[in-house]
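# Structure at a glance
Next come the chains, spelled out residue by residue.
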Amino acid sequence: MKNLAIKGLAVFAMMFLASSQVSAQGFLKKLTKTAESVTKTTSTETTETASTDTADVKALKWDEIPVYTIKEVIGTNSDGSVATNEDGTLMKSYQLVDQFGNVRSAEAVKEQQRKINKAIGNIIAKVGGGAALGAATTLIAGGNAKDAIVGGAAGAAAGLALSADDIKKAKALKKSMKDQKALLAMYEKNFTAEGQPVAANAKGMAEVENLVKGESMSLTAELYKETLNSPQYASADDWEVPTI
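Reading guide: rules and limits
Residues numbered from 1 in each chain as written. Predicted model: local features only at pLDDT ≥ 70, side-chain atom pairs only at ≥ 80, totals over all residues. Heavy atoms only, no water. Phe/Tyr/Trp six-rings, centres within 6.5 Å; stacked < 30°, edge-to-face > 60°. Helix = DSSP H or I, 4+ residues; strand = E, 2+ residues; numbered from the N terminus. Buried < 20%, exposed > 50% of the residue type's maximum accessible area, 1.4 Å probe, protein only. Polar contact = N/O pair within 3.5 Å; in protein donor to acceptor, adjacent residues only side chain to side chain. Contact = heavy atoms within 4.5 Å. Core = buried A, V, L, I, M, F, W, Y, C linked by side-chain atoms within 4.5 Å. Salt bridge = Lys/Arg side-chain N within 4 Å of Asp/Glu carboxyl O. Pairing = 2+ DSSP bridges. pLDDT = per-residue confidence, 0-100. Axes fitted to C-alpha atoms, helices over the stretch in contact; angles between N-to-C directions.

### Details of the packing of aromatic side chains
Summed over the entire model, instances satisfying the criterion amount to 2 aromatic pairs. The interplanar angle of 35° and the centroid separation of 5.2 Å between the aromatic rings of Y94 and F191 together place this pair among those described as tilted. Taken as a pair, Y94 in strand β2 (residues 92–98) and F191 in the loop between α5 (164–190) and α6 (202–211) lie far apart in primary sequence, 97 residues in all. We note that Y94, like F191, is buried. Ring plane angle 25° and centroid distance 5.0 Å describe the contact between Y187 and F191, whose orientation is recorded as stacked. When sorted by exposure, Y187 lands in the same class as F191, which is buried.

What follows is the structure, encoded as structure tokens:
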């Protein structure tokens, strides 16, 4: 929170030094434009439109945010051998599996990513909105430029009902989501919607093997079919970002 206050002071100090002769009304207009710019930038970087209504922004349960890897998922018989599908093919595929063992389709993971990116955008946008509100309130109340700098920094902190650690984690998660988006793109490039490798040649299969992480995930034949035919696998419409 100390670092946040320092950054807030620096930003507002620069704005006032650059326009020390402008009126309070003129500065207020600049603050409004700055707040709008923060929101637009956040929306672009997360590739989602972050809600401008951030009054109810909550801290996320960071450890419960799903992180996916590509794993080979196998359906097995009671004796441990690989089961077969009705068409005679082996009951195994390459799927997106999170750290909790949940298996989801590419489309479901995309929907989760959209929701997570929106939550991150709301948190980061709240910082800019709080700072602008703090400075604007000071000016409206008749405060001078110096007071507005302090008010802006305080607003950034007080306007955000989250800890400095939450902000740090939000930014780290934002970077992680870019990596997850890249992984998803590689998955869709190399696997069909059913989780089968697109390439049949040796070079293509070598690339596929490089994408697969960890040991294979074994399920009973019945559970394998249930998992890949479940609503949770196909869609994340009912999934919500875990919050405190």
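### Re the side chain of S105
In this structure, S105 sits in the loop between β3 (103–104) and α3 (106–140). Side-chain polar atoms of S105 contact the backbone oxygen of Y233, separated by 2.9 Å. Each residue touching S105, except ones within four places of it in the same chain, is listed here: L96, Y233 and A234.

### A look at the nonpolar core
Counting residues in hydrophobic clusters, the biggest one holds 16 residues, and the most contacted among them are L60, I116, L173 and V241. Of all the elements in the fold, those that place two or more residues in this core are α3 and α5. Sequence-distant contacts of V241, that is, excluding residues within four places in its chain, are made with L60, I65, K115, I116 and A119. Grouped together as the second largest cluster of nonpolar side chains are 13 residues, V109, F191, L211 and V212 included.

### What to know about the environment of E222
Note on placement: E222 falls in helix α7 (residues 221–228). Along the backbone, E222 and A83 are 139 residues apart, and their C-alpha atoms lie at a distance of 9.8 Å.

### Brief notes about the pattern of salt bridges
Counted by the stated rule, this structure contains 6 salt bridges. As a salt-bridge pair, K92 and E72 come within 3.7 Å of each other at their nearest N and O atoms. You can see K92 sitting in strand β2 and its partner E72 sitting in strand β1 (residues 68–76), a full 20 residues away along the chain. Residues joined by salt bridges that share partners form a network here, namely E107, K110 and E188.

### Some remarks on the pairing of β1
β1 sits mainly inside the fold: 8 of its 9 residues count as buried. In this structure, β1 lies alongside β2, joined through 7 bridges in antiparallel fashion. For V73, the partnering residue across the bridge sits in β2 and is S93. With 4 bridges connecting them, β1 and strand β4 (residues 217–220) associate as parallel partners. Bridged to T76 within β4 is T220.

### Quick word on the confidence of the model for the chain
For the chain, the average pLDDT comes to 75, and 62% of its residues sit at 70 or higher. pLDDT under 50 marks residues 45–55. Its contacts with residues more than four places away, or in other chains, come to 20 contacts. Below a pLDDT of 50 lies the segment residues 150–155, which in the model reaches 17 contacts outside its immediate sequence neighbourhood of four places, other chains included.

### Here's the deal with the sheet that holds β1
As summarised here, the arrangement of the 4 strands in space is β3-β2-β1-β4, forming an open sheet in which the pairing is mixed. The strands lining the two open edges of the sheet, one partner per strand, are β3 and β4. Strands in contact with α5 are β1 and β2; relative to β1, the strand with the most contacts, it is inclined by about 45°.

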